[in-house]
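Architecture at a glance
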Amino acid sequence: VKPMTPRCSVPKAVPVGKSASLHCHENEGFPKSTYSWYRNSEPLSADSKAKPHNSSYTLNPATGTLVFHAVHKGDTGRYSCIATNEAGFAKCEEQEMEV
């Protein structure tokens, strides 16, 4: 079963140096969806070696949670999430996060 449009929650504004949690979830898809996050239409890698050197975040593809440990100005942008399984994928609306 193709995933439904996931529900995404993105904080509107986060002070520099604070942590921020972004969530993405849908429960219609079968098998269970995996989640990927995008900033300004660029994929955010779950692999720590592929991240930009100045970004400190943890991305859990199984839960759809993206956590920034200490945000900085460069983390400002439009965030969206895609839920994917063998039957297809669905994307939530982009949401702005300001730092």
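Note on numbering: residues in each chain are counted from 1, in written sequence order. It should be noted that, the model being predicted, local features are given only for residues of pLDDT at least 70 and side-chain atom pairs only at 80 or more, the latter also being counted only at that level, while totals for whole chains, interfaces and linings use all residues. To obtain the side-chain values, all non-hydrogen atoms of the structure were used and water was disregarded.

Taking an unreviewed UniProt entry as the reference, the protein chain is identified by name as JAM3 protein belonging to Loxia curvirostra. UniProt positions are given in the numbering used here, feature names are shortened, and annotations may be inferred rather than shown by experiment. Recorded in UniProt under Sequence similarities (unreviewed entry), the annotation for the protein chain is "Belongs to the immunoglobulin superfamily."

Here's the deal with the side chain of Ser80
Going along the chain from the N terminus, every DSSP run of H or I of four or more residues is numbered as a helix, and every run of E of two or more is numbered as a strand. In this structure, Ser80 sits in strand E7 (residues 77–85). We call two residues contacting when some pair of their heavy atoms lies within 4.5 Å. Here Ser80 is in contact with Ser36, Trp37, Tyr38, Lys91, Cys92, Glu93 and Glu94, once residues within four sequence places are set aside.

Some details on the nonpolar core
To qualify as a nonpolar core, a set must consist of buried Ala, Val, Leu, Ile, Met, Phe, Trp, Tyr and Cys residues joined through side-chain atoms within 4.5 Å. The cut-offs for exposure are 20% and 50% of the maximum accessible area for each residue type, with area from a 1.4 Å probe on protein chains only; residues under the lower value are buried, those over the upper are exposed, and the others partly exposed. If you look at the biggest cluster of nonpolar residues, it comprises 20 residues, and the most contacted ones within it are Leu22, Trp37, Leu66, Phe68, Tyr79 and Met97. Contributions of two or more residues to this core are made by strand E2 (20–25), strand E3 (34–39), strand E5 (57–60), strand E6 (65–68) and E7. When neighbours within four sequence positions are excluded, Leu66 is seen to be in contact with Ala20, Ser21, Leu22, Trp37, Leu44, Tyr57, Thr58, Leu59 and Tyr79.

Side note on the environment of Asp75
Inspection of the secondary structure assignment puts Asp75 in the loop between E6 and E7. Given the relative accessible area of 1%, Asp75 is considered buried. As a C-alpha pair, Asp75 and His23 span 52 residues in sequence and 16 Å in three-dimensional space.

A word on unusual backbone geometry
Residue Phe30 is joined to Pro31 through a cis peptide bond whose omega torsion reads -5 degrees. Looking at the secondary structure, you find Pro31 in the loop between E2 and E3. Even without being a glycine, Asn40 presents a positive backbone phi close to 50 degrees. Locating Asn40 in the fold gives a position in the loop between E3 and strand E4 (42–43). Even without being glycine, Ser41 reaches a positive phi, approximately 70 degrees.

Examining the sheet that holds E6
By definition, two strands form a pair when at least two bridges between them are found by DSSP. Pairing is antiparallel in the open sheet, where four strands are placed in the order E1-E2-E6-E5. Where the open sheet ends on each side, the last strands, each with one partner, are strand E1 (7–9) and E5. Looking at each pair of strands side by side, their axes are set apart by 5 degrees on average, direction ignored. Bridge count between E1 and E2: three bridges; the pairing is antiparallel. The axes are straight lines fitted to the C-alpha atoms, using for helices just the contacting stretch, and the angles between their N-to-C directions are given from 0 to 180°.

Section: the packing of aromatic side chains
Put simply, two rings from Phe, Tyr or Trp (the six-membered ring, in Trp's case) pair if the centres are within 6.5 Å, and we call them stacked under 30 degrees between planes, edge-to-face over 60, tilted for the rest. One pass over the structure, following the stated rule, counts two aromatic pairs. On the basis of an interplanar angle of 80 degrees and a centroid distance of 5.9 Å, the ring pair of Phe68 and Tyr79 is categorised as edge-to-face. Of the two residues, Phe68 is situated in strand E6 and Tyr79 in strand E7; the sequence distance between them amounts to eleven residues. Accessibility classification places Phe68 together with Tyr79 in one group, the buried group. A connected cluster of aromatic rings, assembled from ring pairs, spans Tyr57, Phe68 and Tyr79.

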